[in-house]
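# Examining the three-dimensional arrangement
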Amino acid sequence: MDRVSVGIAAFLAVSAAVATAAYAQQKDAAQEGIEAYREALQDGNPAELFELSGEELWKTPAGPKKDSLEKCDLGLGPGVVKGAYAQLPRYFADTDRVQDLESRLLTCMETLQGKDPKPYVEASFTAPPKEEMIALAAYVSGQSKDDPITVKPKHPKEQAMYDLGKRMFYYQGGPYDFACATCHGQEGTRIRLQDLPYIPGQKGAAAGWGSWPAYRVSSGQMWSMQWRLNDCFRQQRFPEPVYTSDATIALSMYMAANASGETMKTPGIKR
Amino acid sequence: MKHAMKHAAFLAALLLAGPALSETKVAPSWGPGADDAAFTRMLAASFKDKGIAKIDRLTQDETQAFCSDPEAAASPAAAEKRLRIEAANLATVKWPSDGKWLGDWKEGEKIAQSGRGNTWTDKPGEPNGGNCYNCHQISPTEISYGTIGPSLLQYGALRGRDEETMKAAWAKIYNAKSANACSNMPRAGHMGILGETQIKHLMALLFDPNSPVNAQSNSAKSGPAQ
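Residues numbered from 1 in each chain as written. Chains lettered and ligands numbered in written order. Predicted model: local features only at pLDDT ≥ 70, side-chain atom pairs only at ≥ 80, totals over all residues. Heavy atoms only, no water.

## Concerning the UniProt feature "domain: Cytochrome c" (unreviewed entry) in chain B
Here, the residues flagged by UniProt with the feature "domain: Cytochrome c" (unreviewed entry) are residues 103–210 of chain B. For residues 103–210 of chain B, the helix share is 39%, the strand share is 0%, and the end-to-end C-alpha distance is 12 Å. (UniProt positions renumbered as here; feature names shortened; annotations may be inferred. Helix = DSSP H or I, 4+ residues; strand = E, 2+ residues; numbered from the N terminus.)

The structure is reproduced here in structure tokens:
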């Protein structure tokens, strides 16, 4: 708690400096400043608060079955949280589906706790049911911090999901002809001053995939990967992706497999 | 009859295999042609209408479908199709109705700055922005610009203002695919994002000698440093 408030104070100080610097100097200086405040924040990422409340949600009995999520199988066996996020998405035999973290959490909430996933799927990202999902995602992702991303599609359904994700990544549509590739398909480009990771490459995929869920300083919100994707689809002028739908899981599989071998830096902190 | 069928089957196999018969894969592993049914099912199940962004936006026109496999679209084998797609897009361009190319560069700057429009959080009825600064450097005073497109700094000063140059810029803004089949730039006029008057203002931003885009840089104005 204390570390976090120190971190926030440090951030405020540095970001004020960044704001003045941006006026006085060129964009490169502003970029460096942003890097600096990200570093300053490493010890006190406000995402820690979400990890804590996520851990509590994980351990507290809830739902019609009055059970906790502690026996949830995230791919490494019931109850194993450590390192699980770095190996998602993956194929799960019990659902016969490839699942990302958030869809897997819904499965566990349904089977272990007897909760209906529907309100969780349909709620807006700022409504309480999604706040639960995001806190849980923050907690689980934190238990893979600094682990190597290990996602190597082997099961035929994992390979199929990767190919569908790649196709989705390049799929143009809508009034602006945008695809993910329009904004994330070239090295070293940006929109305004926001750097765009090159997602077909390992480094760029890791920069994107390996740092979400993340606390977004500009909005003061904790975002899960599902929320990140939702907002990119909005900018793409596409219709809204259904929460934990296959298109979002396929894209996640594409990003995670491309990033495999790099390091998980979750939960992250963003501009 | 039997022979003819065998022949047809052989032809089909040839077509699928393409020129590189030595390659092991017959169908592509991903993209158009690879399990289209699964992809279509995924699209149908994964999106829903929200606000003005309806699921019919997922239905591609020929240009979008062609450009959704960038490697194939850029390959020598696709050269003819690229030309055909550019011609079809060029045919959509509506030229200025009164023959005048340029509007007011100050209005153009506002349109270039604005990125609003066409998302599910936008309301219908309000004018759209051009999104230009998201991808281009334009006026030297705006340092927050993107780099997906080339810098347009000094555009009119460098390119000149002859009819042909104006025409090319108008066509690029109206329908960017008219000269580059898989340009990453939206087709602002063709897709109804911007109207004729707005495009004229943007043209003025690029070409008007008084537009900051064409302002002489300090070093050029004051000569060598003292």
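## A closer look at the interface of chain B and chain A
Of the residues lining the interface, 51 residues belong to chain B; the matching set on chain A comes to 41 residues. Three residues stand out in chain B for area buried against chain A, namely B:Trp30, B:Phe39 and B:Trp120, and they jointly supply 16% of the buried area on that side. A salt bridge links A:Asp177 to B:Arg187; its shortest N-O distance comes to 2.7 Å. The interface formed by chain B and chain A holds 28 residue pairs in polar contact (both at pLDDT 80 or more) in total. Within the residue set of the side of chain B that touches chain A, elements represented by two or more residues are α2 (36–46), β1 (47–48), α3 (62–67) and α7 (132–135) of chain B. In terms of residue count, α2(B) provides more of the side of chain B that touches chain A than any other element does, seven residues in total. For the side of chain B that touches chain A, the residue count by class is 22 nonpolar, 19 polar and ten charged. Note: strand β7 (residues 240–241) of chain A against β1(B), two bridges, orientation antiparallel. Bridge pairing in β1(B) places A:Glu240 opposite B:Lys48. (Contact = heavy atoms within 4.5 Å. Buried area = accessible area lost by both parts, 1.4 Å probe. Salt bridge = Lys/Arg side-chain N within 4 Å of Asp/Glu carboxyl O. Polar contact = N/O pair within 3.5 Å; in protein donor to acceptor, adjacent residues only side chain to side chain. Nonpolar A, V, L, I, M, F, W, Y, C, P; charged D, E, K, R; others polar. Pairing = 2+ DSSP bridges.)

## A closer look at the pattern of salt bridges
If you walk through the whole model with that rule in mind, you get 25 salt bridges over all chains. In this structure, the salt-bridge partner of B:Lys177 is A:Asp177, at a minimum N-O distance of 2.9 Å. In this pair, B:Lys177 is assigned in the loop between α9 (163–174) and α10 (196–207) and A:Asp177 in the loop between α7 (156–170) and α8 (180–184), connecting two distinct chains. Residues B:Lys177 and A:Asp177 agree in their burial class; the two are buried. Across the pair B:Glu196 and B:Lys200 runs a salt bridge, and its minimum N-O distance is 3.6 Å. Here B:Lys200 and B:Glu196 lie together in helix α10, a separation of four residues that amounts to about one turn. What makes B:Glu196 partly exposed here is its relative accessible area of 30%. B:Lys200 sits in the buried class, given a relative accessible area of 10%. (Buried < 20%, exposed > 50% of the residue type's maximum accessible area, 1.4 Å probe, protein only.)

## Regarding the UniProt feature "binding site: substrate" (unreviewed entry) in chain A
Residue and element names in this part refer to chain A. UniProt marks Arg228 with the feature "binding site: substrate" (unreviewed entry), using the numbering shown here. Secondary-structure assignment places arginine 228 in helix α10 (residues 225–235). Judged by relative accessible area, arginine 228 falls into the buried class, the value being 17%. Not counting the four nearest positions on each side in its chain, arginine 228 is found in contact with Trp212, Arg216, Trp223 and Gln235.

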